[in-house]
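# Fold and contact review
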Amino acid sequence: MAFCVAGLAGLLSCRSSHKSTETTVRELPTREAVAKATGATDIRVAVLKDAPAVHIAGGKARRILNAAGRVVQQPSDDAALDIRPAAGGLSLNGAAAGGESSLRIESASADEPLSVNGQQVARVLRIYCAPRSGALNVIAHLDLDEYLLGVLAGEVPFERWHPEALKAQAITSRSYAFNQMRRSSSEAYDVESTVMSQVFKAGYRNNPVLKAAVSATRGLVLTDNGAPFSAYFHSTCGGHTESGAHVFPEQPALRPLSGVPCSFCTQSPAYRWKLTLSKADLERRLKAASPSSPAGPILRVEFLDAAGTPVGAQVRAVQVRIHSSGGPWTMPGNQFRLAIGARDLKSLLFEQVTDTGAALEIAGAGFGHGVGLCQWGSQGMAQAGYSYAQILGKYYPGAELTRMY
Ligand SMILES: [Zn+2]
């Protein structure tokens, strides 16, 4: 089957003969395709990191296994478990867990998941001592679509989000996760549960609104020439999405992430914003984030495009050159933004930057790195009557939808 996900330019003339604006849904056999492509059918989500202790409860006919898959001595079936790092491994309810530094806990029923610190999370958990901190990491093993319910709950205000925007987010998040699963098979987990990957909130597995969006798009993943790619997304582009190659230069430049104009995110509270940043504060934040940066008070800051030219209005800065009394230095824009604080410096798309001598007065646009789907733009398009396929066709030009399971 084939259907059209033309970008805005092609919407009015969207017919099957228009190959350049058409997206094909390729039917692949089953969810074995996920297993084949990723080496796993479940996604591994770091739901808790560097915790001093973990409280596990719930589950049905619970089993506790060591890294070799052997059942370890365990408290009675329904007893709550208090797990802590201890000398020589983990402790389980105050007793050494047989020298084990990694435990897998399973519930026999997906309908009776295990809870972590009071919150129902997953049927299967892995708990281990983090190599660096010695504290505990908790990894939830979740069915990919079950994981997406928690991502939709974490990423968008789903109670007031349009169903088509929710479907677009479900496919985007599935694509992002799918790509992470392919790339992280040798790592301890596939994704974080924070903005470092996608925000995941436990406790939404039975929400009917979220289930409708996930099941309506079951198995659909964005691909570029048949290959899944990291379908980045962000809150608000502010007028134009950004080239992925500018923000993530270590990754290959892809047409679906090349950047498009957007006039649909004007309802976002972060469509336009202002920030006054004193140079003393700027110096302090940069020092804290990168202690090796040249010392001395900051004299001037230049925001540059990819070619090193100072940006004007409505052009996103890709690099930042800081002139201090210790000398000038340049850093990637994304790194600069994270050093200042991504919630304070909402984006690198500026309408105006005024240097008052003591401070920078910034009038900016949008929220986030600007690559891929604009979430508020997606909601604006859905409210204007566009389908999820049209939304994805706009923000990922040239991408295909491939049914992976
Ligand atoms: Zn936008």
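Above: the structure in question.
What you see is a predicted model, and the numbers here were worked out from it, not measured in a lab.

## With respect to the overall build of the protein
- Helix and strand counts for the protein stand at nine helices and 25 strands.
- Considering the protein as a whole, with its 405 residues, one finds that 53% of them fall into the buried category.
- When contacts within the protein are restricted to residue pairs at least 6 apart in sequence, those whose partners lie at least 24 apart make up 67%.
- Surface exposure of the protein reaches about 17,700 Å², of which carbon and sulfur atoms provide 52%.

## Brief notes about the packing of aromatic side chains
- Taken as a whole and assessed by the stated rule, the structure comprises nine aromatic pairs.
- Relative to Phe200, the ring of Tyr147 lies with its centre 5.7 Å away and its plane at 15°, an arrangement referred to as stacked. Of the two residues, Tyr147 is situated in helix α2 (residues 144-155) and Phe200 in the loop between β14 (191-192) and α4 (208-216); the sequence distance between them amounts to 53 residues. Across this residue pair, the class does not change: Tyr147 and Phe200 are buried.
- Centroid distance Phe303 to Phe336: 5.8 Å. Interplanar angle 75°. Geometry classified as edge-to-face. Of this pair, Phe303 sits in strand β19 (residues 298-304) while Phe336 sits in helix α7 (residues 333-340), placing them 33 residues apart in sequence.

## Some thoughts on the coordination of the zinc ion
- Within the protein, the zinc ion binds to Cys237 (SG), Cys262 (SG), Cys265 (SG) and Cys374 (SG); these donor distances fall in the range 2.3 to 2.4 Å.
- One way to put it: the four donor atoms around the zinc ion meet at angles of 102 to 119°, and that makes the site tetrahedral.
- Each donor residue of the zinc ion belongs to the same chain, and together they define the spacing C-x24-C-x2-C-x108-C. Residue Cys237 is found in the loop between β17 (233-234) and α5 (244-247), and its partner Cys262 is found in the loop between α5 and β18 (272-278); the two are separated by 25 residues along the sequence.
- Overall, the relative accessible area of 6% leaves Cys262 in the buried class.

## Some words on the sheet that holds strand β9 (residues 102-106)
- Strands sit in the order β5-β9-β12-β13-β3-β14 across an open sheet of six strands; the sheet is mixed. Two strands lie at the open edges of the sheet, namely β5 (63-66) and β14, each paired on one side alone.
- In this sheet, strand β13 (residues 136-143) lies alongside strand β3 (residues 42-51) in antiparallel orientation, the contact comprising seven bridges. Residue Val45 lies in a different strand from β13, and its bridge partner there is Ala140.
- Lying over the sheet, α2 contacts β3, β13 and β14, oriented at roughly 115° with respect to β13.

## Details of the layout of surface pockets
- Estimated volume of the largest pocket: approximately 1,300 Å³.
- Lining of the largest pocket is provided by 39 residues; of these, Glu155, Val195, Met196, Ser197 and His369 occupy positions nearest its centre.
- Those elements that provide at least two residues to the lining of the largest pocket are α2, α3 (163-183), β14, β17, α7 and α8 (375-383).
- For the lining of the largest pocket, the residue count by class is 19 nonpolar, twelve polar and eight charged.
- Both of domain 1 (2-32 + 146-248 + 370-403) and domain 3 (272-365) provide at least three residues apiece to the lining of the largest pocket.

## Details of unusual backbone geometry
- Unusually for a residue other than glycine, Asp50 sits at a positive phi of about 55°.
- Looking at the element boundaries, Asp50 is found in strand β3.
- A residue is classified by how much of its surface remains accessible, and Asp50, at 43% relative accessible area, is partly exposed.
- One non-glycine residue, Asn93, lies in positive phi territory at about 50°.

Rules of the game
- Residues numbered from 1 in each chain as written.
- Predicted model: local features only at pLDDT ≥ 70, side-chain atom pairs only at ≥ 80, totals over all residues.
- Heavy atoms only, no water.
- Helix = DSSP H or I, 4+ residues; strand = E, 2+ residues; numbered from the N terminus.
- Buried < 20%, exposed > 50% of the residue type's maximum accessible area, 1.4 Å probe, protein only.
- Contact = heavy atoms within 4.5 Å.
- Areas by Shrake-Rupley, 256 points an atom, 1.4 Å probe, with all protein chains shown as cover.
- Phe/Tyr/Trp six-rings, centres within 6.5 Å; stacked < 30°, edge-to-face > 60°.
- Donors = N, O, S within 2.8 Å, 3.2 Å for Na, K, Ca; no water.
- Tetrahedral: all angles 85-135°; square planar, octahedral: opposite > 155°, others 65-115°.
- Pairing = 2+ DSSP bridges.
- Axes fitted to C-alpha atoms, helices over the stretch in contact; angles between N-to-C directions.
- 1 Å grid on protein atoms, 1.4 Å probe; cavity = no way out; pocket = protein on both sides within 12 Å on 5 of 7 lines; lining within 4 Å.
- Points joined across faces, edges and corners; volume = space filled by probe spheres on them.
- Nonpolar A, V, L, I, M, F, W, Y, C, P; charged D, E, K, R; others polar.
- Domains from an automatic or database assignment.

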